Amino acid sequence: TLLTAQDATVPFLFKWDNPFSWSYTGGITDAIKERVKDAGGNVQGELRVSLAWHNHDDLDLHVHEPNGNHIYFPNRGRPHASSGKLDVDMNAGHGTTRTPVENIIWTDKRRMTEGTYVICVRNFCRREITDQRFIVQIECGGEVWDFEYSQNPKNGDCQTIVECLYSHKNGLSMQGQPRITQRQKWGLNTSKFHTVHAVLL
């Protein structure tokens, strides 16, 4: 998106001698956050776990907290003692969209329990055999992890995606060998470090 000032008299925002700038949306990390926001979900917090899929199936996002608490669809909209809350739950009852998302957000770091968080996806009701793929996105402390699968769980099955160790001091770390998606974007592989040859003002 090419951006410019609505008021032509305001000073330029950047160091170059024109009022134009740009932003990228719909990219690898932004697309799911945008879908969550469009659905009324909160993407600002200490920890965010979002699920996105592509058909009328009723997938459900589940998180088991270290204290034994279970955040999932029966307690949607109700904040837990940890500040964790499922605030978006889509395609329940019947398929309403082919761009559904679900979202669990923790907004208060001080109330979060330290320990292992288990993230799962359940197919509560399979309705289609097309576009059987889903992504779970986890964001904590500015880091984003994408876990992409080509096949939705079978009808009624619950699939563990990853176990994460959380501490107030160190944030989030993935346990075991999580399946992190790597893609190409603008000729670079994601989830890897790359040498920077130049930085331009």
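A.B. asks: Could you clarify how one ought to interpret the overall build of the protein in this entry?
C.D. replies: Along its length, the protein carries one helix and 14 strands. Counting every position in the protein, which comprises 201 residues, the buried fraction comes to 39%. Here the contacts in the protein between residues at least 6 apart in sequence split such that 64% fall between residues at least 24 apart. On the protein, roughly 11,800 Å² of surface is accessible, and the fraction owed to carbon and sulfur atoms is 51%.

A.B. asks: Just checking my understanding: could you explain the packing of aromatic side chains for this structure?
C.D. replies: Per the counting criterion, the structure on display carries six aromatic pairs. Centre to centre, the rings of Phe14 and Trp16 are 4.9 Å apart; their planes meet at 25 degrees, and the pair counts as stacked. Take Phe14: its relative accessible area is 40%, and that puts it in the partly exposed class. Taken together, a centroid distance of 6.2 Å and an interplanar angle of 85 degrees make the contact between Tyr117 and Tyr166 edge-to-face. One end of the pair, Tyr117, is in strand 8 (residues 115-125); the other, Tyr166, is in strand 11 (residues 158-167), with 49 residues separating them in the sequence. Residue class for Tyr166 comes out buried when judged on its relative accessible area of 1%. A connected cluster of aromatic rings, assembled from ring pairs, spans Tyr72, Phe73 and Phe124.

Cut-offs applied
Residues numbered from 1 in each chain as written. Predicted model: local features only at pLDDT ≥ 70, side-chain atom pairs only at ≥ 80, totals over all residues. Heavy atoms only, no water. Helix = DSSP H or I, 4+ residues; strand = E, 2+ residues; numbered from the N terminus. Buried < 20%, exposed > 50% of the residue type's maximum accessible area, 1.4 Å probe, protein only. Contact = heavy atoms within 4.5 Å. Areas by Shrake-Rupley, 256 points an atom, 1.4 Å probe, with all protein chains shown as cover. Phe/Tyr/Trp six-rings, centres within 6.5 Å; stacked < 30°, edge-to-face > 60°.

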